[in-house]
Amino acid sequence: MIRMEYYLIISTLMFFIGIYGFISRKNMIAILISLELVLNAVEINFAVFNRYLFPGQLEGMFFTLFGIAITAAETAVALAIIINAYRAIGNIDIKNLSKMKE
Amino acid sequence: MDPIINLILFVCLGIASIVLSVLAVSAKRLMRAATYLLLVLICTAGFYLFLNYHFLAAVQVSVYAGGVVILFLFAIFLTSNENDVLRRHQAGRYLWGALAALGGIAVTTFALVKHQFIYGDNQSMVGDQEIDMKVIGEALMGTEKYQYLLPFEVLSILLLAAIIGGILIARKR
């Protein structure tokens, strides 16, 4: 039988790999990809808790569903901002972003 | 399915998703990182299938793999030149990132192993327990307890706002 802890360990590893990428990447799109990993791990957790601990209910599943939709919206806006930043300063490294103020 | 085969498949999926996540945060080229992200998301759809959330797996593949990753690819096309390799931070940054990640993993895994989850003989884990589409549809469209019409509508407003905001920010001036 697949135990609940297996899923949770996998999602923990995925979450913190995302955190590592978030800290160590310089390119804004790469940072957004790391963020996507973090959100994905959280959504796995919602589904797992629902299935194992409260199998008669559907709350976790709907949380995951809404979470996926919110992630998509967030990604769209973030990529729009990144494309705008690229137009303004010519590259999308996070160090150069303070030039946006000028 | 046979429990052993089930477990073997699950372990393969888990290892694949972890390895691909590491590759996604360490790939030298942005396009490869996006491709690894796509594979991680498909592995996650596999986990949802293991949990018998078929609808969730379908949403995961169509929204993430079909929508978000394509958005990423277009953004990468629009913002990078040919043979662009990602610039790197100085070495200390990687050390701190790895330290933060390892510390977090240690604390969380410790709590996870210490805590005893009580779920016992969970009948929903054996056999085919697909959730009926009718149940999902009624839960999304009802206004009673445990039904989600209001969040659904709020989400559609949010998506509209995101569309307008995206166009407004990214258009040429």
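Just above, that's the structure.
What you see is a predicted model; the values in this text were computed from it and never measured. (Residues numbered from 1 in each chain as written. Chains lettered and ligands numbered in written order. Predicted model: local features only at pLDDT ≥ 70, side-chain atom pairs only at ≥ 80, totals over all residues.)

Quick word on the overall build of chain A
Item 1. Assigned secondary structure in chain A consists of three helices and zero strands.
Item 2. Listing each helix as α and each strand as β along chain A from the N terminus yields α-α-α.
Item 3. Compactness check: chain A gives a C-alpha radius of gyration of 17 Å against a globular reference of 13 Å for 102 residues, more than 25% above the reference.
Item 4. In terms of its C-alpha atoms, chain A occupies a principal-axis envelope of roughly 55 × 25 × 15 Å.
Item 5. Looking at chain A as a whole, 52% of its 102 residues qualify as buried.
Item 6. In chain A, 43% of the contacts between residues at least 6 apart in sequence involve partners at least 24 apart. (Helix = DSSP H or I, 4+ residues; strand = E, 2+ residues; numbered from the N terminus. Rg over C-alpha atoms; globule rule 2.2 N^0.38 Å. Buried ≥ 20, exposed ≤ 12 C-beta atoms within 10 Å, placed from the backbone. Contact = placed C-beta atoms within 7 Å.)

Comments concerning helix H3 (residues 54-79) of chain B
Item 1. For H3 of chain B, spanning 26 residues, the distance from its first C-alpha to its last is 36 Å, which sits close to the expected 38 Å at 1.5 Å a residue.
Item 2. At Tyr64 of chain B, H3 of chain B shows its strongest bend, of approximately 25°.
Item 3. Summarising the contacts, the buried residues of H3 of chain B are in contact with helix H2 (28-53) and helix H3 (59-89) of chain A together with helix H2 (30-50) of chain B. (Expected span 1.5 Å × (residues − 1). Bend = angle between axes of the 7 residues up to and from the residue.)

A closer look at the environment of Leu32 of chain A
Item 1. Following the sequence through the fold, Leu32 of chain A ends up in helix H2.
Item 2. If we skip the residues at most four places from it in the chain, Leu32 of chain A touches Thr75 and Ala78 of chain A.

A look at unusual backbone geometry
Residues and elements named next belong to chain B.
Item 1. Not every positive phi belongs to a glycine, and Asn52 is a case in point at roughly 65°.
Item 2. Inspection of the secondary structure puts Asn52 in the loop between H2 and H3.
Item 3. The backbone of Tyr146 sits at a positive phi, close to 60°, despite the residue not being glycine.
Item 4. In this fold, Tyr146 is placed in the loop between helix H5 (133-141) and helix H6 (149-170).

Digging into the nonpolar core
Looking at soluble globular proteins, one finds that nonpolar side chains tend to be buried together.
Item 1. Ranked by size, the top nonpolar core spans 67 residues in total, and within it Ile29, Ile33, Ala47 and Ile82 of chain A together with Ala24, Ala34 and Leu37 of chain B carry the most contacts.
Item 2. When contributions to this core are tallied by element, the ones reaching two or more residues are helix H1 (4-24), H2 and H3 of chain A together with helix H1 (3-26), H2 and H3 of chain B. (Core = buried A, V, L, I, M, F, W, Y, C linked by C-beta atoms within 7 Å.)

Side note on the environment of Leu38 of chain B
Item 1. Examined against the element boundaries, Leu38 of chain B turns out to sit in helix H2.
Item 2. Setting aside chain neighbours within four positions, we find Leu38 of chain B in contact with Ala65 and Val69 of chain B.

Scope: geometric values only; no functional claims are made or implied.
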